[in-house]
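Notes for the structure review
Single-letter residue listing:
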Amino acid sequence: MLPKSLFLLFFFLFLPLVACASVPPPDLAPMSPDENATEFIRARCGLTRYPDLCFTSLSSYASAVQRSPVQLARLATNVTLARLCALRAHVSALRRAGAGAPRREAAALRDCAEQLGDAADQVRRTAAELRGLEALVGMEVAWRVSNAQTWMSAALTNEDTCSDGFREVGGGGTSSIRTDVCRRVGRVKQYTSNDLALVNSLVNGG
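I will try to describe carefully the structure that is included in this document. Since we're looking at a predicted model, the values are computed, not measured.

**Describing the overall build of the chain**
Each helix and strand counted, the chain has eight helices and zero strands in total. Counting from the amino terminus, the chain carries its helices and strands in the arrangement α-α-α-α-α-α-α-α. The buried share of the chain, taken over its 206 residues, is 39%. Looking at the chain as shown, the accessible area adds up to about 11700 Å², and 57% of this sits on carbon and sulfur atoms.

If you want it as structure tokens, here you go:
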């Protein structure tokens, strides 16, 4: 938010015809565009399953989002994609480092890397469906959002499948690889779930 002195200077320099008025108390001062956008993000994140994560991951981009539900959904999609790509790189690195790993663990890492790659591709497709959505009207909007919902739901399914593949790793005991990967996948699933909720809200009147 601009300091109050700079805010007033703007008015004196660029709006000279506006009558001078007393400055309202701080608690009554109008919010800046960024503050409005931040509160908008907070409200939209209330529609998600993990609202705190949603807000902390998206609020720093308030100036880019403004008050556009579509821009917010696109931003969430980009954040989810970045998280997915980082996770896939991590799993691929574990796979390379564990060339002599037990058969089940090696197979779980291989399958998980592939499934996360598929999920990342599906999130990219979601982003493509949301691109330019603001300029569309009517059934075209519903069609594009439906496609985005389908792709994002498929990404969640692939993330679940990755985790499921580690059930037998460690012979029923503990496995540091299984614990690490499942914890990381669980976190990424929270981002994906939030993203899907924001996409759903584009047609659910949220």
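**Considering the environment of Ala62**
The topology assignment puts Ala62 in helix α4 (residues 62-65). When the C-alpha positions of Ala62 and Thr38 are compared, they lie 5.5 Å apart, and in sequence the two are 24 residues distant.

**Structural notes on helix α6 (residues 103-130)**
Because an α-helix packs 3.6 residues into every turn, residues spaced three or four apart end up facing the same way. With 28 residues, α6 should cover 40 Å at 1.5 Å per step; its first-to-last C-alpha distance of 41 Å lies within 8% of that length. Phi turns positive one or two residues past the end of α6, at Gly132, with a value near 75 degrees.

**A word on the state of the cysteines**
A covalent bond between the sulfur atoms of two cysteines is referred to as a disulfide. With the rule as written, the count across this model stands at two disulfides. In this model, Cys45 is linked to Cys54 through a disulfide, with the two sulfur atoms separated by 2.0 Å. Torsion about the S-S bond of the Cys45 and Cys54 cystine: about -70 degrees, corresponding to left-handed handedness. Across this residue pair, the class does not change: Cys45 and Cys54 are buried. Disulfide partner of Cys112: Cys162, at an S-S distance of 1.9 Å.

**A look at the pattern of salt bridges**
Summed over the entire model, instances satisfying the criterion amount to nine salt bridges. The residue Asp121 makes a salt bridge to Arg125 at a minimum N-O spacing of 3.1 Å. On the criterion of helical spacing, the pair formed by Asp121 and Arg125 is a turn pair, its members being four residues apart in helix α6. Between Arg167 and Asp164 there is a salt bridge, with its nearest N and O atoms 3.4 Å apart. Residue Asp164 is classed as partly exposed on the basis of its relative accessible area, which comes to 39%. Linked through salt bridges whose partners overlap, the residues forming this network are Glu129, Glu140 and Arg144.

What counts as what
Residues numbered from 1 in each chain as written. Predicted model: local features only at pLDDT ≥ 70, side-chain atom pairs only at ≥ 80, totals over all residues. Heavy atoms only, no water. Helix = DSSP H or I, 4+ residues; strand = E, 2+ residues; numbered from the N terminus. Buried < 20%, exposed > 50% of the residue type's maximum accessible area, 1.4 Å probe, protein only. Areas by Shrake-Rupley, 256 points an atom, 1.4 Å probe, with all protein chains shown as cover. Expected span 1.5 Å × (residues − 1). Disulfide = S-S within 2.5 Å. Salt bridge = Lys/Arg side-chain N within 4 Å of Asp/Glu carboxyl O.

Nothing here speaks to function; it is all geometry.
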